[in-house]
Amino acid sequence: MNQDKSNSPLEGDQKPIYLALSGGVGGAKLALGLSQLLAHRLFVMANTSDDFIHLGLNISPDLDTVMYTLANLNNKELGWGLANESWQFMNALEQLNQPNWFRLGDRDLATHITRTELLKQGNTLSQVTQRLTVALDIDAHIFPMTDQVVSTFVRLEDGSALGFQEYFVKEQCQPKISGYFFEGIEKTKSSKQFISTLDNPNLAAIIICPSNPFVSIEPILSIPETADAIRQHPAPVIAVSPIIAGQAVKGPTAKMMQELGIPSSVLGVAEYYQQQHGDLIDCFIIDHKDQHLQPELESMGLSVLAVNTMMNTLQDRVTLAGHCLSLAAQWTSEHKEK
Ligand code: FO1
């Protein structure tokens, strides 16, 4: 079992390290590809504004998806939770007429019970996550974006607000949204691992995974001082588009874009990031189906690479991860003085 989970630069290890910002499924797929190439040299900061308390348990869906995927324990059919799951607990709960819209598998329950108990004992979410990743024998360093509580809400057309899991799971993303907000974000601080990863002289690139730009990546970048700290870092910031030919591979990204009045295309994603965060992103990886948009993206000052971004197989994930690393190296050699 890998016991070395410290975030300090490994002694005598001058090899580059990489920071990935990730939401759930799409982000976890790229993180898996990166972890195959980098092992302990990969640092994954996951969104925690999807987190909520359900049936008294602290659920951290994106941390869980990244952890289970990197441990190769993820449920590939569902896209969340653990493989080889059983549902005795849910069946018993239904018999007691308790809410069953959010499904907790019998094996998955162990994670939520452990997290809840360790948090109750006074551990931070970062400490809990570190214990879980060590126990699951994951080489990469996975940590939450913050140790404070942040909660995503979507704004509905009638002006009311709906908690993210209720919108996403209970309502299956059906209601039209007019916006979203992250309750508590202004009081949060970046996790210590984020700061120590940015301070690590071996940090070679920051990779924005192909996760939902609005409700997965935006909460991370909205933590006070986070986007500025990333922008000021000399390493390139590489974003991988979550949109291919106008469609999201999975999840409500394209639907949300339409409802928010943002064109559902790689251009819409790039323009959104630029409007929110200026010149934060240096390089943009798009699918070759969107290659015709490359000149327009380049005119926005982005270095663009068009490749296959559809990650169906493990090999697809590793290949895309390899493109991220090569693009980072190329950008760095061309921009020695950022
Ligand atoms: N997603 C679902 O669509 N239905 C569920 O019942 C469900 C349960 C669940 C339990 C634990 C967990 O960590 C995640 C779970 N998810 C479920 C996934 C998750 O809520 C969403 O995919 C993310 O929040 C979006 O990134």
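Residues numbered from 1 in each chain as written. Predicted model: local features only at pLDDT ≥ 70, side-chain atom pairs only at ≥ 80, totals over all residues. Heavy atoms only, no water.

Student: What's the story with the packing of aromatic side chains in this structure? I'm lost.
Tutor: Both the distance between ring centres and the angle between the ring planes are used here to describe each pair of aromatic rings. Applying the stated criterion across every chain, the model contains eleven aromatic pairs. On the numbers, 4.8 Å between centres and 80° between planes, the contact of F52 with F102 is edge-to-face. Taken together, the positions of F52 in strand β3 (residues 52–54) and F102 in the loop between α3 (88–95) and α4 (106–120) put the pair 50 residues apart, joining distant regions of the chain. As far as the burial class goes, F52 and F102 line up, both buried. Centroid distance F153 to F181: 5.3 Å. Interplanar angle 10°. Geometry classified as stacked. You can see F153 sitting in strand β6 (residues 151–156) and its partner F181 sitting in strand β8 (residues 177–183), a full 28 residues away along the chain. A residue is classified by how much of its surface remains accessible, and F153, at 21% relative accessible area, is partly exposed. Overall, the relative accessible area of 27% leaves F181 in the partly exposed class. Put simply, the rings of Y180, F182, F214, Y272 and Y273 touch in pairs and so form one group of aromatic residues. A cation over an aromatic ring shows up here: R103 above the ring of W87, its NZ or CZ 5.0 Å from the ring centre. (Phe/Tyr/Trp six-rings, centres within 6.5 Å; stacked < 30°, edge-to-face > 60°. Helix = DSSP H or I, 4+ residues; strand = E, 2+ residues; numbered from the N terminus. Buried < 20%, exposed > 50% of the residue type's maximum accessible area, 1.4 Å probe, protein only. Lys NZ or Arg CZ within 6 Å of the ring centre and 35° of its normal.)

Student: Mind showing me how you'd approach the pattern of salt bridges here?
Tutor: Should their charged atoms come close, side chains of opposite charge can pair. Counted under the stated rule, the structure contains six salt bridges. One salt bridge in this structure joins R231 and D279, with 3.4 Å as the shortest N-O distance. Here R231, found in helix α9 (residues 226–232), pairs with D279, found in the loop between α11 (266–277) and β13 (283–287); they are 48 residues apart in sequence, far enough to count as distant. For the salt bridge of E259 with K255, the shortest nitrogen-to-oxygen distance reads 2.7 Å. Pair noted here: E259 and K255 are both in helix α10 (residues 253–259), with a separation of four residues, about one helical turn. On the accessibility criterion, E259 (21% relative accessible area) is partly exposed. K255 sits in the partly exposed class, given a relative accessible area of 25%. (Salt bridge = Lys/Arg side-chain N within 4 Å of Asp/Glu carboxyl O.)

Student: Help me understand helix α7 (residues 192–199) in this model?
Tutor: Each full turn of the α-helix corresponds to 3.6 residues, which orients residues three or four apart in the same direction. The complete set of buried residues in α7 reads Q193, F194, T197 and L198. Here the buried residues of α7 occupy an arc of 135° about the axis, which is enough to place them on one side. Along α7, the residues that are exposed and aim more than 90 degrees away from the buried face are K192 and D199. (Arc of directions from axis to C-beta.)

Student: Explain the site of the ligand to me, please; I cannot follow it from the model alone.
Tutor: In the vicinity of the ligand lie 16 residues, with D50, D62, D64, R103 and Q165 positioned nearest. Within the side chain of D50, one N or O atom sits 2.9 Å away from an oxygen atom of the ligand. In the environment of the ligand, an oxygen atom lies 2.9 Å from a nitrogen or oxygen atom belonging to the side chain of D62. Bound to the protein, the ligand loses 89% of the 530 Å² it would expose on its own. Elements represented by at least two residues in the shell around the ligand include exactly α2 (61–70), α4 and α6 (164–170). Here the shell around the ligand takes four residues from α6, the largest share from any one element. Partitioning the shell around the ligand into residue classes produces nine nonpolar, two polar and five charged. (Near = heavy atom within 4 Å. Polar contact = N/O pair within 3.5 Å; in protein donor to acceptor, adjacent residues only side chain to side chain. Areas by Shrake-Rupley, 256 points an atom, 1.4 Å probe, with all protein chains shown as cover. Nonpolar A, V, L, I, M, F, W, Y, C, P; charged D, E, K, R; others polar.)

Student: Explain the sheet that holds β8 here, please?
Tutor: Paired through their backbone hydrogen bonds, the strands of a sheet run either parallel or antiparallel. The strand order across the open sheet formed by three strands is β7-β6-β8, and the pairing between neighbours is antiparallel. The strands lining the two open edges of the sheet, one partner per strand, are β7 (161–163) and β8. Strand-to-strand twist in this sheet, taken as the mean axis angle between neighbours without regard to direction, amounts to 30°. Note: β6 against β8, six bridges, orientation antiparallel. Directly across from L156, in β8, lies its bridge partner I177. Seen against the sheet, helix α8 (residues 213–222) touches β6 and β8 and runs at an angle of roughly 40° to β8. (Pairing = 2+ DSSP bridges. Axes fitted to C-alpha atoms, helices over the stretch in contact; angles between N-to-C directions. Contact = heavy atoms within 4.5 Å.)

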